Amino acid sequence: MISKECKKLTLSDLLLYSSLFLLFNILCVVLLTSVLWFFGISITSAHYIIGVVITILPQFVLIKRNGVNFSIFPLSVLIPLIFTAAMIFISAQFFDYSFDSMAYHKMAIGLMADGWNPVSEGSSEFISVMNIFPDMNPDVQALWLDHYAKLPWIFSATLYKIVGNIEAVKILPAIMVFVTFSFTYAYTKTKWAAPLSLLFSFAAALTPVVFTQFFTFYIDGILASSLTVLVILLVMITDGKCHIEKSIKWISLFIIIAIITNIKFTGLAYAAVFSLVFYIFWLACDLAKKRFNKSKTIKITAFFAIAVVFSLCIVGYSTYVKNTIEHGFPLYPLMGENSVDIMKSNQPDSFAVRSPKGKLFLSTFSECSNKVKDEPKIKNPFTFTKKELDHYCADTRISGFGVLYGAIIIISAVSFVFSLPFLYYKNKKMFLIVLMLLLTTSALLLLISDSWWARYSPHYYFIPLTALFVLIDIAVNRPKNIIKFISSSSALILAGFILFNLGTYFYKYITMENDFLYEQLDETKNKLSGKSIELYINNRYYVGVLYNLRDFGIDFYVSRTELPNSEKIPLECSNITYRIINQD
């Protein structure tokens, strides 16, 4: 893949083509589902399998066309499939009781697997017509289900239709971590030795937001990974010294644009901003060298135009087009007439009057906290307490990038003062790429009011990653002198802080009540098996647990009113009461 003459099987090739298969597979499954919805065909058990079969053809063509070692073909198909199966098994061992997952992610996936077609009907209409969960108020989550981007739900629903366990299908975070690691490694391996590439790729792929949401249905981590892949691909295309096949770079970029724009609305915004910045940079470089190529510019412009139309109007028809038709704006309900403000109730009171940079500063350099009304407390950024670790969760608000992220930002800023002048001297083009990334990231952070919340600002993590990249690159390419020593030492310190900060998140997994919750699910199953029961959901945002109960073979009917003479289901996170209607 490094060149058509090179037939040697390499780890870079294997990872890259395996990841390309995973990206193709996601797009094929989602595209197939979206197209069949137009013909009134709902999700079946065959959707995912057909998607895999379709994916094999372009994979075969690309490998044959690029002249790489052909043994990669079977391996690049088997490895992703084995990885997917392994993650399904592992994911099933983790019970996701996080807020957004219970509030609407599980419900969206379950309804699609049950036959909901978002192209032709709303979720409330489907619930009413199909008599699913009778008497449950269908309008509580309908605003999000009907109008939000749907790619993660579609992909997960096709798997849920096969495996029948909703906890087993939250595997997109793992898939995108694998893809991010692979593309980062493939690019950096063209510059550095394998150990350094592995280290940097690990840091780029497993960011704090990704790690905390790894076994949940939250989509911010998936978006963060997708954005990293998008930027890596744009850098690959820009860097003249990257000799990865052009077809791989452009095809992967097309697919990742389609994926990221259909994960959530901010994905569309971030993809548009970073793509536009690089597009302008490419034009500027050509003009500066006085070799403007009109044909090349038209091709690149057409590429992005086709990618946008394909992503929004075909893959994203059930979201962007329907929102425009029904509510006059593609990003409804977050923008447009009768839009909904989801941030006002999710931030400290003082943030309502603070500037974006003020909120960002407080969130970065304060104690880690997830209590909505608690005011941020500034701390020594190089220290943390156990109390802070207790606030780690899928959507941590204050200091959401970790208890040491403030220190990481300080170290990164200091390293830039030292490293950027040397990068400019060594490689002016790479200097401009790095500067462009830093300026774009900084502009987004300072202009977007909600950048303080880590889950909504995945680009914030580009700052330490870029700092680490520059330090390693200088250390690798300088002769043995004081500059090499300083850059190597700085890279080691920064990498140490990044990895240690990430390591603190293991505390979340060590202390999580996963086994206890599954014991409670087993107790619920044993207690209610063979009985027909009536349920009352005391917390309307925990409807997702109904699919867990159904997967366990529990037959139930949902009531809108509180039940007299009822008992509480022995599942702490559900807050559901029940009474037995009849039993065998």
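Structure first, text after, so check above.
Note that this is a predicted model, so its numbers are computed, not measured.

Caption draft 1: View of helix α20 (residues 462-477). The terminal C-alpha atoms of α20, which comprises 16 residues, lie 22 Å apart, in line with the 22 Å expected from a rise of 1.5 Å per residue. Taken across its 16 residues, α20 has 14 buried, putting it largely inside the fold.

Caption draft 2: A look at the pattern of salt bridges. All told, the structure shown has 14 salt bridges when counted by the stated rule. Between Asp-100 and Arg-455 there is a salt bridge whose closest N-O contact spans 3.1 Å. A residue pair is termed long-range when its members are at least 10 positions apart, and Asp-100 in helix α4 (residues 99-114) and Arg-455 in the loop between α19 (428-447) and α20 qualify at 355 residues. The same class applies to Asp-100 as to Arg-455, namely buried.

Caption draft 3: The arrangement of the packing of aromatic side chains in detail. With the rule as written, the count across this model stands at 45 aromatic pairs. Ring centres 5.3 Å apart and planes at 35 degrees place the aromatic pair Phe-254 and Phe-310 in the tilted group. You can see Phe-254 sitting in helix α12 (residues 246-260) and its partner Phe-310 sitting in helix α14 (residues 294-315), a full 56 residues away along the chain. Residue classification places Phe-254 among the partly exposed residues on the basis of a relative accessible area of 21%. Each residue in the set Trp-250, Phe-254, Tyr-279, Trp-282, Phe-303, Phe-304 and Phe-310 is aromatic and connected to the rest through ring pairs, giving one cluster. The positively charged end of Lys-428 is found above the aromatic ring belonging to Tyr-424, 5.0 Å away from the centroid.

Caption draft 4: View of helix α5 (residues 123-130). The set of residues buried in α5 consists of Ser-123, Ser-124, Phe-126 and Ile-127. Each buried residue of α5 sits inside an arc of 165 degrees when the element is viewed along its axis, so together they form one side. Facing away from the buried surface of α5 by more than 90 degrees, the exposed residues are Ser-128 and Val-129. Of the surrounding elements, those touching the buried residues of α5 are α4 and α6 (142-147).

Definitions and limits used
- Residues numbered from 1 in each chain as written.
- Predicted model: local features only at pLDDT ≥ 70, side-chain atom pairs only at ≥ 80, totals over all residues.
- Heavy atoms only, no water.
- Helix = DSSP H or I, 4+ residues; strand = E, 2+ residues; numbered from the N terminus.
- Expected span 1.5 Å × (residues − 1).
- Buried < 20%, exposed > 50% of the residue type's maximum accessible area, 1.4 Å probe, protein only.
- Salt bridge = Lys/Arg side-chain N within 4 Å of Asp/Glu carboxyl O.
- Phe/Tyr/Trp six-rings, centres within 6.5 Å; stacked < 30°, edge-to-face > 60°.
- Lys NZ or Arg CZ within 6 Å of the ring centre and 35° of its normal.
- Arc of directions from axis to C-beta.
- Contact = heavy atoms within 4.5 Å.

Nothing here speaks to function; it is all geometry.
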